[in-house]
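So you can see what is in the structure, the chains are spelled out below.
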Amino acid sequence: MSGLLFVLSGPSGVGKSTLRKEVMKRCPALKYSISCTTRPPRQEEEEGVDYYFVDMQTFEEMKGRGEFIEWAKVHGNYYGTPRRPVEEWLKEGFDVILEIDVQGARQVKNDYPSGVFIFVAPPSLKALEQRLRERHSDPENNILLRMTNAHLEMQSIRDYNYLVVNDVLEDAVDKLRSIILAERCRIR
Ligand code: 5GP
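Just so we're clear, the structure is a prediction, and the values are computed from it rather than from any experiment.

Bringing the nonpolar core into the picture now. Phe6, Val23, Leu30, Ile118, Leu176 and Ile180 are the most contacted members of the largest nonpolar core, which totals 25 residues. Elements with a contribution of two residues or more to this core: β1 (5–9), α1 (16–26), β2 (30–32), β8 (116–121), α5 (125–134), α6 (140–154) and α7 (169–185). With five residues, α7 is the largest single contributor of residues to this core. Ranked by size, the runner-up nonpolar core spans 16 residues in total, among them Leu5, Ile69, Val86 and Phe117.

Attention now moves to unusual backbone geometry. Most peptide bonds take the trans form, and the phi angle of most residues other than glycine is negative. Phi at histidine 75 is positive, roughly 50 degrees, even though this residue is not glycine. Along the chain, the position of histidine 75 falls in the loop between β5 (68–74) and β6 (77–82). Judged by its relative accessible area of 9%, histidine 75 is buried.

To continue, consider the sheet that holds β2. Across the sheet, which stays open at both edges, the five strands sit in the order β2-β7-β1-β8-β9 with parallel pairing between neighbours. Either end of the sheet is taken by a strand with one partner, and the two such strands are β2 and β9 (162–165). Ignoring which end each strand starts from, the neighbouring axes of this sheet average 25 degrees apart. When β1 meets β8, the two strands line up parallel, connected through four bridges. Each bridged residue has a counterpart across the sheet, and for leucine 8 the counterpart in β8 is isoleucine 118. The strands touched by α7 are β1, β2, β7 (95–99), β8 and β9; relative to β9, the strand with the most contacts, the crossing angle is about 160 degrees.

Turning our eyes to something else, we now look at the packing of α5 against α6. Where α5 meets α6, the axes come as close as 10 Å, and the angle between the chain directions of the two elements is 150 degrees. When the axis of α5 is compared with that of α6, the two are roughly antiparallel. α5 and α6 meet at a crossing whose hand is right-handed. Across from Leu125, Leu128, Glu129, Leu132 and Arg133 in α5, the residues of α6 making contact are Glu140, Ile143, Leu144, Arg146, Met147, Ala150, His151 and Met154. Taken together, the residues that form the contact of α5 with α6 break down as eight nonpolar, one polar and four charged.

In the neighbourhood of the ligand, 20 residues make up the surrounding shell, with Ser35, Arg39, Tyr51, Tyr79 and Asp101 lying closest. Here an oxygen atom of the ligand sits 2.5 Å away from a polar atom, N or O, in the side chain of tyrosine 51. Between the ligand and glutamate 99, the relevant distance is 3.5 Å, taken from a nitrogen atom to a main-chain nitrogen or oxygen of the residue. Computed on the free molecule, the ligand has an accessible area of 510 Å², of which 95% lies beneath the protein chains in the complex. Those elements that provide at least two residues to the shell around the ligand are β5 and β6. Along the lines of polarity and charge, the residues of the shell around the ligand split into five nonpolar, seven polar and eight charged.

Calculation rules
- Residues numbered from 1 in each chain as written.
- Predicted model: local features only at pLDDT ≥ 70, side-chain atom pairs only at ≥ 80, totals over all residues.
- Heavy atoms only, no water.
- Core = buried A, V, L, I, M, F, W, Y, C linked by side-chain atoms within 4.5 Å.
- Buried < 20%, exposed > 50% of the residue type's maximum accessible area, 1.4 Å probe, protein only.
- Helix = DSSP H or I, 4+ residues; strand = E, 2+ residues; numbered from the N terminus.
- Pairing = 2+ DSSP bridges.
- Axes fitted to C-alpha atoms, helices over the stretch in contact; angles between N-to-C directions.
- Contact = heavy atoms within 4.5 Å.
- Parallel < 35°, antiparallel > 145°, perpendicular 65-115°, else oblique.
- Left-handed = near helix turned anticlockwise from the far one by under 90°.
- Nonpolar A, V, L, I, M, F, W, Y, C, P; charged D, E, K, R; others polar.
- Near = heavy atom within 4 Å.
- Polar contact = N/O pair within 3.5 Å; in protein donor to acceptor, adjacent residues only side chain to side chain.
- Areas by Shrake-Rupley, 256 points an atom, 1.4 Å probe, with all protein chains shown as cover.

Nothing here speaks to function; it is all geometry.
Structure representation (structure tokens):
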């Protein structure tokens, strides 16, 4: 028996991490894959909890050794999903959740066509811009880049199996949890 692979994508600032963390409290058997990134940590971020923060050389070496299931350049930094933990968890029968951008999700879909692809969208692009500004973690030019990318990312919605609009957090958590429970009951 192998576990299910859930892939969560959506524009930066849409609240994917909060949503995922809340769902994990209610779906304890779910394993979260911690990504590697060359982006410097934000003030509240912890090494090995939010990301593995690595330098460009380390990232390149890992990429060269095929240690990523997928990787992508997002908003000027590199991000990748370490292969080993994901493959081991799936083999052991655990369900795994990835929080990655649309380019990465496309790569994962090639290798794991039976994955469950979930897009998290904001109620509007205006609301997204407001959230990005309110979290005070990105400089102005990066917010503009993240908004430009959000427009592009929203065009990939049709490649996903599910759409969750994150307006009221509790409602979005319920929807995501329902998707996970339904997929666990699906006869394959
Ligand atoms: P942030 O810098 O805001 O933490 O993340 C920026 C974007 O990179 C988000 O859309 C996030 O989901 C995505 N991301 C995080 N980890 C990975 C990863 O391992 N692979 C890919 N392709 N994207 C990632």
